[in-house]
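If you want the building blocks of each chain, they are given just below.
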Amino acid sequence: MIKEKVHKNIKYSILNYAAVCGFKFLVRIVFVKTLPIEYLGIDGLFTNILAVLSLAEMGIAPAIVYSMYKPLAVGDKETVKSIMKLFQKVYIAIGVVILATGLCVYPWLDSLIKDKPDIPDLHYFYLVFLLNTAVSYFWSYQRNLLIADQKQYYVNIYQAVVQTIVGILQIIFLLIIPSYWSFVILMLIGTILENVTIASKANKEYPYLKEAADTLDKTIKGQIIRNTKAMIIHKIGGVVVFSSSNIILSKFVGLSAVGLYSNYYLVITAMNALSGRIFSSLTATIGNMMALDSDAQKRKSFIVVQFLTALQSAVISVGLYVMFNSFIQLWLGKAYLFDKFTVICIVVSFYLMYMRKAVLMYRDACGLFWHDRYKPIAESIINLVASIYLAIHYGTIGVVCGGIISTLATCFWVEPYVLFRYGLKLKLKDYFINYFKFTAATLLCAVVSKVVYGYLFTQVNIVNFVAGMVLCVADTTVIWLLLFKNREEMQYIIRVVKSKIITTR
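What this report covers is the structure whose coordinates are included nearby. Here the structure is a predicted model, which means the values were calculated and not measured. (Residues numbered from 1 in each chain as written. Predicted model: local features only at pLDDT ≥ 70, side-chain atom pairs only at ≥ 80, totals over all residues. Heavy atoms only, no water.)

1. Details of the overall build of the chain
Now for step 1: When its secondary structure is counted, the chain shows 19 helices and zero strands.
Now for step 2: Contacts spanning at least 24 positions in sequence make up 83% of the contacts within the chain whose residues lie at least 6 apart.
Now for step 3: For the chain, the exposed area adds up to about 22800 Å²; of that, 67% sits on carbon and sulfur atoms. (Helix = DSSP H or I, 4+ residues; strand = E, 2+ residues; numbered from the N terminus. Contact = heavy atoms within 4.5 Å. Areas by Shrake-Rupley, 256 points an atom, 1.4 Å probe, with all protein chains shown as cover.)

2. Here's the deal with the pattern of salt bridges
Once the charged atoms of two side chains with opposite charge are near each other, the side chains can pair.
Now for step 1: Using the criterion set out here, one finds eight salt bridges in the structure.
Now for step 2: The partner of Glu415 in a salt bridge is Lys375, and the shortest N-O contact between them spans 2.9 Å. Of this pair, Glu415 sits in helix α16 (residues 396-422) while Lys375 sits in helix α15 (residues 375-394), placing them 40 residues apart in sequence. Take Glu415 and Lys375: they sit in the same class, and that class is buried.
Now for step 3: In the salt-bridge network here, residues are joined through shared partners; they are Arg356, Lys375, Glu379 and Glu415. (Salt bridge = Lys/Arg side-chain N within 4 Å of Asp/Glu carboxyl O. Buried < 20%, exposed > 50% of the residue type's maximum accessible area, 1.4 Å probe, protein only.)

3. Some thoughts on helix α8 (residues 180-205)
Now for step 1: Its 26 residues place the ends of α8 38 Å apart at the C-alpha level, agreeing with the 38 Å of an ideal helix rising 1.5 Å per residue.
Now for step 2: For α8, the capping residue at the N-terminal end is Ser179, with a side-chain oxygen 3.1 Å from the backbone nitrogen of Trp181. (Expected span 1.5 Å × (residues − 1). Polar contact = N/O pair within 3.5 Å; in protein donor to acceptor, adjacent residues only side chain to side chain.)

4. Some details on the packing of aromatic side chains
Now for step 1: Evaluated as defined, the whole model comprises 39 aromatic pairs.
Now for step 2: Each ring, one from Tyr206 and one from Tyr208, has its centre 6.1 Å from the other, and the planes form 75°; the classification is edge-to-face. No difference in accessibility class separates Tyr206 from Tyr208, as the two residues are buried.
Now for step 3: Relative to Tyr354, the ring of Phe350 lies with its centre 5.4 Å away and its plane at 50°, an arrangement referred to as tilted. On the criterion of helical spacing, the pair formed by Phe350 and Tyr354 is a turn pair, its members being four residues apart in helix α13 (residues 340-354).
Now for step 4: Pairwise contacts between aromatic rings join Phe302, Tyr362, Phe412, Phe420, Tyr431, Phe432, Tyr435 and Phe436 into one cluster.
Now for step 5: Above the plane of the ring of Tyr354 lies Lys357, whose end atom (NZ or CZ) is 5.5 Å from the centre.
Now for step 6: When the ring centre of Tyr321 is taken as reference, the NZ or CZ atom of Lys450 above it lies at 5.3 Å. (Phe/Tyr/Trp six-rings, centres within 6.5 Å; stacked < 30°, edge-to-face > 60°. Lys NZ or Arg CZ within 6 Å of the ring centre and 35° of its normal.)

5. Points about the nonpolar core
Now for step 1: Judged by nonpolar contacts, the single largest core of 121 residues is most densely connected at Phe46, Tyr180 and Phe324.
Now for step 2: Counting residues per element, this core draws most heavily on helix α12 (residues 295-331), at 10 residues.
Now for step 3: Setting aside its immediate chain neighbours within four residues, Phe324 contacts Tyr264, Val267, Ile268, Gly319, Val343, Ile346 and Val347. (Core = buried A, V, L, I, M, F, W, Y, C linked by side-chain atoms within 4.5 Å.)

6. What to know about a nonpolar patch on the surface
Now for step 1: Together, Ile157, Val161, Ile165, Ile168, Leu169, Ile172, Phe173, Leu175, Ile176 and Ile177 give the surface a local cluster of nonpolar side chains, amounting to about 860 Å² of exposed area.
Now for step 2: Inspection of the secondary structure assignment puts Ile168 in helix α7 (residues 152-176).
Now for step 3: Look at Ile168 and you get partly exposed, because its relative accessible area is 38%. (Patch = residues over 30% accessible without salt bridge, like charges linked within 9 Å, V, L, I, M, F, W, Y side chains within 5 Å.)

7. Digging into the side chain of Ser82
Now for step 1: In this structure, Ser82 sits in helix α4 (residues 77-105).
Now for step 2: Those residues in contact with Ser82 that sit more than four places away from it in its chain are Ala213, Asp214, Thr215 and Leu216.

8. Thoughts on the environment of Glu489
Now for step 1: Mapped onto the elements of the fold, Glu489 is located in helix α19 (residues 488-504).
Now for step 2: Here Glu489 falls in the buried class, since its relative accessible area comes to 7%.
Now for step 3: Distance in space between the C-alpha atoms of Glu489 and Val304 is 5.3 Å, their sequence separation being 185 residues.
Now for step 4: Residues contacting Glu489, with those up to four places away along its chain left out, are Ile303, Val304 and Phe307.
Now for step 5: A polar contact is formed between the side chain of Glu489 and the side chain of Arg487, at a distance of 2.7 Å.

9. Thoughts on the state of the cysteines
Now for step 1: Tallying each qualifying case throughout the model produces zero disulfides.
Now for step 2: The closest cysteine sulfur to the non-disulfide-bonded Cys345 is located on Cys401, 3.9 Å from its own sulfur.
Now for step 3: Overall, the relative accessible area of 7% leaves Cys345 in the buried class. (Disulfide = S-S within 2.5 Å.)

10. So, the environment of Val347
Now for step 1: Along the chain, Val347 turns up in helix α13.
Now for step 2: Val347 sits 28 residues away from Gly319 along the chain, and the two C-alpha atoms are 9.6 Å apart.
Now for step 3: Setting aside residues up to four positions removed in sequence, Val347 forms contacts with Ser317, Leu320, Tyr321 and Phe324.

11. Quick look at the packing of helix α17 (residues 428-456) against helix α18 (residues 462-484)
Now for step 1: One can describe the packing of α17 onto α18 by two numbers: an axis separation of 9 Å at closest approach and a directional angle of 140°. By the criterion of interaxial angle, the relationship of α17 to α18 is oblique. Relative to α18, the crossing made by α17 is right-handed. For the pair α17 and α18, the contacting residues are Lys437, Phe438, Ala441, Thr442, Leu444, Cys445, Val448, Ser449, Val452 and Tyr453 in the first and Asn464, Gly468, Leu471, Cys472, Asp475, Thr476, Ile479, Trp480, Leu483 and Phe484 in the second.
Now for step 2: Among the residues forming the contact of α17 with α18, the class breakdown is 13 nonpolar, five polar and two charged. (Axes fitted to C-alpha atoms, helices over the stretch in contact; angles between N-to-C directions. Parallel < 35°, antiparallel > 145°, perpendicular 65-115°, else oblique. Left-handed = near helix turned anticlockwise from the far one by under 90°. Nonpolar A, V, L, I, M, F, W, Y, C, P; charged D, E, K, R; others polar.)

12. Concerning unusual backbone geometry
Now for step 1: We note that Asp121 has phi near 65°; this positive angle belongs to a residue other than glycine.
Now for step 2: Here Asp121 lies in the loop between α4 and α5 (122-136).

13. Observations concerning the side chain of Thr79
Now for step 1: Inspection of the secondary structure puts Thr79 in helix α4.
Now for step 2: Setting aside residues up to four positions removed in sequence, Thr79 forms contacts with Pro71, Leu216 and Ile220.

14. So, the environment of Lys81
Now for step 1: Structurally, Lys81 is set in helix α4.
Now for step 2: Beyond its immediate sequence surroundings of up to four residues, Lys81 is in contact with Tyr208, Leu209, Glu211, Ala212 and Ala213.

15. Considerations on α17
Now for step 1: The terminal C-alpha atoms of α17 lie 42 Å apart, and with 29 residues this matches the ideal 42 Å at 1.5 Å per residue to within 8%.
Now for step 2: Among the residues of α17, Tyr431, Phe432, Asn434, Tyr435, Phe438, Thr439, Ala441, Thr442, Cys445, Ala446, Ser449 and Tyr453 are the ones counted as buried.

So this is what it looks like as structure tokens:
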């Protein structure tokens, strides 16, 4: 039953990814062809501002979701009802707080934009973005129950359908009426429709949620409060690191830089979206396993997941390193390209972020939010200082390097240390030995793929791009097989692939 849920979650996560990301890229093509680049900068800036305002959520969701793993695993409906009632009250309050805080920011928008362009209705666009963020909290808490119960495939299906419809309508309206108003209004409608349909599905799956709930057990409530306190700090650190880049660029470089950076960031986000959906599909299953399985099984599963994460990171990073600018040129044109060194820094930042995913997934599944609660403070301070200083002196690349510096100084070693000391009881030394082996293999794959691609292809066109991507995937896979063919993790993956092929036949 668990394997069936995992397979369904991953399958629909990939389908959701293909639909949502595919239309995002199509919409972006039409967007840049019909509207000035400053509108692209506005889109990125407002998205980051609202991400900062979502600090009101304070990371409550992971703490509450973690508390539902065991009750769902043992069928304790009364506890689930009590937790969800708490979730509902908190999220409605959060939506109201975000709306109020966003209105307080409204008068200061101009100070966040260097050389403010002459864009009509700029402040009204911000209000739509604000409403889009706030209203989602009135229903989105219910999707977390589906996710915690390993039924994320429902969320993926509804999200894919709604976002596909919204994407098609945005393209049509931009082509017929090239107005940013149509784009943002459809975005708002899509957000409301997506959350309402998912909430409706959750109510059908769990009809007992409508029943009166008992007072939440003090032990569980205390655990939620403790984890929430830790997640407040994690949330602040995450927002500062991942949602401040466009604000810093807008303030110190300009909206055009935000527009260019947002295109590369959209690609990075798309790559993370696929992995994010796959990893989130597994997190609930691992949370269930952490509540029921032995320590040996937990450790063995982590080693396999770490290896798979490294392989995925290698394939994607090598593809980005070799083909990133070719893709941007084919997608939007030469006017939207960054220099090679900036692209390399973006790819390095992506690699470091992606390689954290296995550790973070197990940390969340283990509920170890409290033990590294001071890490985000150091990370956010280092990131802000480094990014602002480097942005002033070096522009866009400075913001990217600021993120790399903060990651290496904190997350790179603190997160695995906490997981292995308080969760899985693995040796930190073994983790880093594997990490550096995987990184060395990735560098080898990148150099080989770059040299071979440069030798075979000299022009940028669709045929060469497709051939280049196939080359990167093939080179990385072959080199990985040759280097790690005797590892237990690789043998396990080979056995799984063979069994799938035999089953298909």
